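# Reading the structure
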Amino acid sequence: MMLDRDVSVLYDDWIYHETTHCTHGNEFQKTAFGVTADMLMTGLWYYGAEAARRDIVQRLLNCYLKASANRPMLITCFARHGDFKAWYTERLSLDLGLVGSQTSDELLCGCSAGPRFLFNKACSTMIKSQISEQHRVLALQYPIDDLDNALERAKHGHVWDPASLSRFSSDSTHGLLTLDLEATPRVFWKQSKYNVAEVQGSMLAADYFPLTQRPLVTSSGYLLCPEFLGKTQADWRYGYCSGEIDGSIAIPVILDAELRKAEDAPAAYVASYGKSSGCDRPLVNRPLYDRVAMEGTRLAEMYPGGIDVQDQRLALHQIMSASLSINGRSYLSLRSILSHSLARLDTQHCAMGPIVFGLGDAHGGNIMIADELNGRSYRDLLYIDYEVSGFHPLLLDLAKPLYNDVFFSTLMGDSLAMPGTFTCIYRDGAVIMTLDRCIDDLGEAILEIKKRHLIEPIRAYMTTEEVALDEFVPCLAHASLACALFTRDYTGHWETLWRNVCIGVVLSQVKDFDGLWEEFDGLVRTRHRH
Ligand SMILES: Nc1ncnc2c1ncn2[C@@H]1O[C@H](COP(=O)(O)OP(=O)(O)OP(=O)(O)O)[C@@H](O)[C@H]1O
Ligand SMILES: [Mg+2]
């Protein structure tokens, strides 16, 4: 990640190696340089310093050859970052030629491997950075009376833009509007049932997150903030997945934001841990526990006419009591699983685990990335939407970002192409499903970032505090099911609904972190388990 001017911290291994499959299902070994090695191998600094260069290149190439066991090599394993010039890659091919290896862009079956993200399984990094920037808060600098008046004038003019800015929001109405104010003519407005929580959350968030906004509440109940020139990480992601934004532009922006999130969240956890005496009714549980508790009503509200399995319409009670089979494994009915969810998401139960400050809803739809680089040559990252932020169980704080960001294209499957293949039938009172590889490449990379830089380090930190975070993983597991079932209404998009049910149900059964990673691994590269 970029810290300041040209100073970067690279969370990286030298060489990555994995066994993977091409689109034809052929197995192949993939070995690639990490970004750090890429930079050393291609950095301008050693051109002209041949003696130093030769030694470094030799060592790295030897590591590389050993890791790849001299299998055919792919030219895309070098200099994968778009900023590297073509001639660096050529130079590296020459270097490899010198140590007696051929490079090739093609797999043996002829399909192109393409650039992919590779991450190692090791998890060790947590930067407890003292170098991170000063916390900043964006707020309108006007007395509230002036804002009230300006708002009234705007309402009578034609500068009111009620259009929703985001397809990822649920509870509020919001937009941008132009006020006759000198310094900040365009402001962001939001109307929500949870104004108080939003404002209180923003105050706490400012203590723990680098860049936040402080909404001002007008007497007519509008929350106002200065306009932030940017779009959310989820907007970038959607743009990339729908083909509107080219991957070479979108991917570095999305992954850079992900790395910074994965630094900011654990830093907030560590800084806030032990600072709260308890949490009677954490706000974060509103979209999780409450929705599960209202299971009948919530689902009946969304799907009053029932739900389709293949082309067969089933009543909700049939769906709730059907037993489930996913990739050959049997699960209880949704009704039984959700009754377990209630126990696991119960406030008292979750609160036995560590309580920290978290944003609660910090998925990509609530992180804004500035359009332009700031003076220090990186893009500002603004954390928004504080309605459920506060002191609450750490594991519940992880749930929404983990589900929404990793399974983004399945969560948005009503309007995006979904990865992998899926089948679903209803037979003898059972819904039988198969789901193959349901995480796209970007989701896989994000999963690895969250795992390596956020979850495993905070797990290790909690061990030093003598807290076994693993015991509370079932809270996260059942919260994931709630995310899958209740985030979006999939009426008419039944395959999307069932795919999310599959993922949610599989995750709901997880008992500890090892189990969680194993299930994720299965979801990344499912071969059907019969
Ligand atoms: N200061 C700002 N300037 C410009 N756009 C903003 C600003 N703050 C938020 N937005 C945009 O407005 C959208 C909605 O804001 P926010 O996430 O706070 O509300 P919401 O998602 O409707 O709330 P909820 O998630 O509770 O339903 C964001 O996704 C973002 O695109
Ligand atoms: Mg939001």
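Throughout what follows, the structure given in this document is the object of discussion. (Residues numbered from 1 in each chain as written. Chains lettered and ligands numbered in written order. Predicted model: local features only at pLDDT ≥ 70, side-chain atom pairs only at ≥ 80, totals over all residues. Heavy atoms only, no water.)

### Some points on the overall build of the protein chain
Helix and strand counts for the protein chain come out as 18 helices and 24 strands. Burial analysis of the protein chain (530 residues in total) assigns 55% to the buried set. Intrachain contacts of the protein chain at a sequence separation of at least 6 include 73% that bridge at least 24 residues. With an accessible surface of roughly 23,500 Å², the protein chain has 52% of that area assigned to carbon and sulfur atoms. (Helix = DSSP H or I, 4+ residues; strand = E, 2+ residues; numbered from the N terminus. Buried < 20%, exposed > 50% of the residue type's maximum accessible area, 1.4 Å probe, protein only. Contact = heavy atoms within 4.5 Å. Areas by Shrake-Rupley, 256 points an atom, 1.4 Å probe, with all protein chains shown as cover.)

### Looking at the pairing of strand β13 (residues 223-226)
Burial of β13 is two-sided: the residues L223 and C225 facing one way and the residues L224 and P226 facing the other way are all buried. As judged from the 4 bridges shared by strand β10 (residues 186-191) and β13, these two strands associate in the antiparallel manner. For K190, the partnering residue across the bridge sits in β13 and is L223. As paired strands, strand β12 (residues 216-217) and β13 are joined by 2 bridges and run antiparallel to one another. (Pairing = 2+ DSSP bridges.)

### So, empty space enclosed by the protein
Taken as a whole, this structure holds 7 cavities of 30 Å³ or more when the rule is applied. In this model, the largest cavity occupies a volume close to 190 Å³. Along the wall of the largest cavity there are 19 residues; nearest its centre are A265, Y269, A362, P401 and L454. Every element with two or more residues in the lining of the largest cavity is listed here: α7 (247-272), β19 (355-358), α13 (394-406) and α15 (441-464). Here the lining of the largest cavity takes 5 residues from α7, the largest share from any one element. (1 Å grid on protein atoms, 1.4 Å probe; cavity = no way out; pocket = protein on both sides within 12 Å on 5 of 7 lines; lining within 4 Å. Points joined across faces, edges and corners; volume = space filled by probe spheres on them.)

### Here's the deal with the sheet that holds strand β23 (residues 421-427)
Spatial ordering of the open sheet is given by β18-β17-β24-β23, a layout of 4 strands whose pairing is mixed. At either margin of the open sheet sits one strand with a lone partner, and together these are β18 (329-331) and β23. Between one strand and the next, the sheet's axes are offset by a mean angle of 20°, whatever the strand orientation. (Axes fitted to C-alpha atoms, helices over the stretch in contact; angles between N-to-C directions.)

### Quick look at the coordination of the magnesium ion (ligand 2)
Here the magnesium ion (ligand 2) is held by the protein donor atoms N366 (OD1) and D385 (OD), which lie 2.1 to 2.2 Å from it. Taken together, the positions of N366 in the loop between β19 and β20 (367-373) and D385 in the loop between β21 (379-383) and β22 (390-393) put the pair 19 residues apart, joining distant regions of the chain. In this pair, the class of N366 matches that of D385, namely buried. (Donors = N, O, S within 2.8 Å, 3.2 Å for Na, K, Ca; no water.)

### Focus: the pairing of β20
In terms of strand pairing, strand β14 (residues 230-232) meets β20 through 3 bridges, oriented antiparallel. Looking at β20, one finds that T232 is bridged to M368. Two strands pair when backbone bridges link them, and β20 and β21 are joined in this way by 4 bridges, in the antiparallel orientation. Along β21, the bridge assignment pairs I367 with Y383.

### Comments concerning helix α5 (residues 195-208)
With 14 residues, α5 extends 20 Å from end C-alpha to end C-alpha; this agrees with the ideal 20 Å at 1.5 Å per step. Looking at α5, one finds that the buried residues are N195, A197, E198, V199, G201, S202, A205, A206 and Y208. (Expected span 1.5 Å × (residues − 1).)

### Looking at unusual backbone geometry
Unusually for a residue other than glycine, Q310 sits at a positive phi of about 50°. Mapped onto the fold, Q310 is located in the loop between β15 (307-309) and β16 (312-314).

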